[in-house]
Amino acid sequence: MRAAETDPGALARSVADAASAVAGVARLSSTGPVEVATYFAGGKVNGFRLRDGKAWVHIVIDRLPLEPVAEAVRAAVTAVMARLGQSCEVVVVVEGLELDHLPPPSVTPLRPKKTRV
C-alpha cells in the first residue's frame, strides 16, 4: 500500500494538483457557508474534502463554458484517486468565475435605429 493511499495530506495534495492543472481552473476554493478543506498533520488543502463517501472539489474558473471545465476536473480527480487506490464519486462545485480573466465580449453593440423625420 502506498503512503498516499492512507495519508489524507498526500491524497488531498495530489487531488489539488490535478484539479489545478486543468485548463480553466483559476484556483481551488474553500469559501462558502462551511469551509471546504482537508486537514492533516502539518497543514491543510483548501477546496477538497472527502465526505459522505464522495470527493468534493470546489473550484473557481476563468473561462466559459463552465461544463467542460467541470467535467475535465472530475475526470482528472477521478484518475488521480484511482491511481492512489481510492474509488468514490467526485462532485465538482463551481463556486465562482474570475471575470477579469475572461476575454472581452465579442457581441456587436446594439445601435439605435435611425428614424425618419
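Along every chain, residues carry numbers that run from 1 in the direction the sequence is written. Totals for whole chains, interfaces and linings use all residues, but because this is a predicted model, local features are given only for residues with pLDDT of at least 70 and pairs of side-chain atoms are given and counted only at 80 or more. Side-chain numbers here rest on the full set of heavy atoms in the structure, without hydrogens or water.

Undergrad: Go over the nonpolar core with me, naming the residues and quoting the values.
TA: In plain words, nonpolar cores are sets of buried Ala, Val, Leu, Ile, Met, Phe, Trp, Tyr and Cys residues tied together by side-chain atoms within 4.5 Å. Exposure classes here rest on a 1.4 Å probe applied to the protein chains alone. A residue is buried below 20% of its type maximum, exposed above 50%, and partly exposed in between. If you look at the biggest cluster of nonpolar residues, it comprises 25 residues, and the most contacted ones within it are Val15, Val57, Ile59, Val73, Val77, Met81 and Val90. For this core, the elements supplying multiple residues, two or more each, are helix H2 (8–20), strand S1 (25–28), strand S5 (54–61), helix H3 (66–83) and strand S6 (89–97). We call two residues contacting when some pair of their heavy atoms lies within 4.5 Å. Among residues more than four places away in sequence, those in contact with Met81 are Leu11, Val15, Leu50, Ala55, Gln86, Cys88 and Val90. Secondary structure elements are defined from DSSP: runs of H or I of at least 4 residues count as helices, runs of E of at least 2 residues count as strands, and each element is numbered from the N terminus.

Undergrad: Can you tell me about the side chain of Ser29, naming the residues and giving the values?
TA: Relative to the helices and strands, Ser29 is located in the loop between S1 and strand S2 (37–40). For the purposes of these results, a polar contact is taken to be a pair of N or O atoms within 3.5 Å, where, inside protein, one atom must be able to donate a hydrogen and its partner to accept one; residues adjacent in sequence count only when each atom of the pair is a side-chain atom. A distance of 2.7 Å separates polar atoms of two side chains, one belonging to Ser29 and the other to Glu95.

Undergrad: Outline the pattern of salt bridges, supporting the account with residue identities and numerical values.
TA: Here, a salt bridge means any Lys or Arg side-chain nitrogen found within 4 Å of an Asp or Glu carboxyl oxygen. Enumeration over the complete set of coordinates arrives at five salt bridges. Glu98 is the salt-bridge partner of Arg27, the closest N and O atoms lying 2.1 Å from each other. Taken as a pair, Arg27 in strand S1 and Glu98 in the segment after S6 lie far apart in primary sequence, 71 residues in all. A relative accessible area of 41% means that Arg27 is categorised as partly exposed.

Undergrad: For the confidence of the model for the protein chain, give the residues involved together with the corresponding values.
TA: With 81% of its residues at a pLDDT of 70 or more, the protein chain has an overall mean of 87. The predictor reports its confidence for every residue as pLDDT, a score running from 0 up to 100. Here residues 1–5 is modelled with pLDDT under 50, and outside its nearest four sequence neighbours on either side it reaches nine contacts, counting other chains as well.

Undergrad: Tell me about the pairing of S2, residues and numbers included.
TA: Direction of pairing for S2 relative to strand S3 (residues 43–46): antiparallel, over a ladder of four bridges. Pairing of Tyr39 across the sheet is with Lys44, part of S3. When DSSP locates at least two bridges between a pair of strands, those strands are taken to pair. Counted along the chain from S2 to the antiparallel partner S3, the turn is two residues long, and its residue Gly42 has a positive phi close to 95 degrees.

Undergrad: So what's going on with unusual backbone geometry? Residues and values would help.
TA: Note on backbone geometry: most residues besides glycine have negative phi, and most peptide bonds are trans. The linkage connecting Leu64 with the following residue, Pro65, adopts the cis geometry, with an omega of -5 degrees. If you trace the backbone, Pro65 turns up in the loop between S5 and H3. One non-glycine residue, Asp52, adopts positive backbone phi at about 55 degrees. Structurally, the position occupied by Asp52 is in the loop between strand S4 (48–51) and S5. For Asp52, a relative accessible area of 68% corresponds to the exposed category.

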